[in-house]
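# Examining the three-dimensional arrangement
So the chains spell out like this:
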Amino acid sequence: QKWILASEVAKDPKFPTDYDAATTTVNNAATIPTDKFVEENAHDLIQFGLDPPQYVVEIKDKTGKTDRVYY
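Residues numbered from 1 in each chain as written. Predicted model: local features only at pLDDT ≥ 70, side-chain atom pairs only at ≥ 80, totals over all residues. Heavy atoms only, no water.

### A closer look at a nonpolar patch on the surface
To keep things clear, this is the line we draw: Excluding any residue in a salt bridge, patches collect residues exceeding 30% relative accessible area, merging like charges within 9 Å and nonpolar Val, Leu, Ile, Met, Phe, Trp and Tyr side chains within 5 Å. Per-residue and other accessible areas follow the Shrake-Rupley method at a 1.4 Å probe size, with only the shown protein chains counted as cover for residues. Basic side-chain nitrogens of Lys or Arg form a salt bridge, by our definition, when they fall within 4 Å of a carboxyl oxygen of Asp or Glu. Think of it this way: any DSSP run of H or I at least four residues long counts as a helix, any run of E at least two long counts as a strand, and we number them from the N terminus. Type-normalised accessible area, obtained with a 1.4 Å probe on protein chains alone, sets the label of each residue: buried when under 20%, exposed when over 50%, and partly exposed for intermediate values.
Taken together, the side chains of Ile32, Val57, Ile59 and Val69 make up a nonpolar region of the molecular surface, amounting to roughly 280 Å² of accessible area. Inspection of the secondary structure puts Val69 in strand β4 (residues 66–70). The exposure class assigned to Val69 is partly exposed, which follows from its relative accessible area of 32%.

Below, the structure is given as structure tokens:
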């Protein structure tokens, strides 16, 4: 019942975060509407307007599985 916010660029790469805020953010990310689906191993992201993406959201579960959303 806790979230850890991790960053590759922060001085402290892992720090606790507000449970309700993190839960709301993850639930909102899970319901982002999509116009197009990019294949899991797509090589040409230009056709989707994602080269380079403005944002990359990476969600990793406790088993280590990672999903990325490019925006």
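Next, the rest of the story.
### Let's talk about the pattern of salt bridges
One pass over the structure, following the stated rule, counts two salt bridges. For Glu58, the salt bridge identified is with Arg68, shortest N-O distance 2.9 Å. On the criterion of sequence distance, the pair formed by Glu58 in strand β3 (residues 56–60) and Arg68 in strand β4 is long-range, its members being ten residues apart. Glu58 sits in the partly exposed class, given a relative accessible area of 40%. In this structure, Asp67 and Lys65 form a salt bridge, with 3.1 Å as the shortest nitrogen-oxygen distance.

### Thoughts on the confidence of the model for the chain
Rule in force here: Confidence per residue, as judged by the predictor, is encoded in pLDDT with a range of 0 to 100.
Put simply, the chain has an average pLDDT of 78, and 90% of its residues get 70 or more. No element of the chain has a lower mean pLDDT than strand β2 (residues 14–16), at 71, and none a higher one than helix α1 (residues 19–30), at 85.

### Concerning the pairing of β3
Under the convention used in this document: Being paired, for any two strands, means DSSP has found at least two bridges between them.
Taken together, the five bridges between β3 and β4 define a ladder with antiparallel strand orientation. Along β4, the bridge assignment pairs Val56 with Tyr70. Here β3 hands over to β4 after five residues, with Gly64 in that stretch at a positive phi of 100°.

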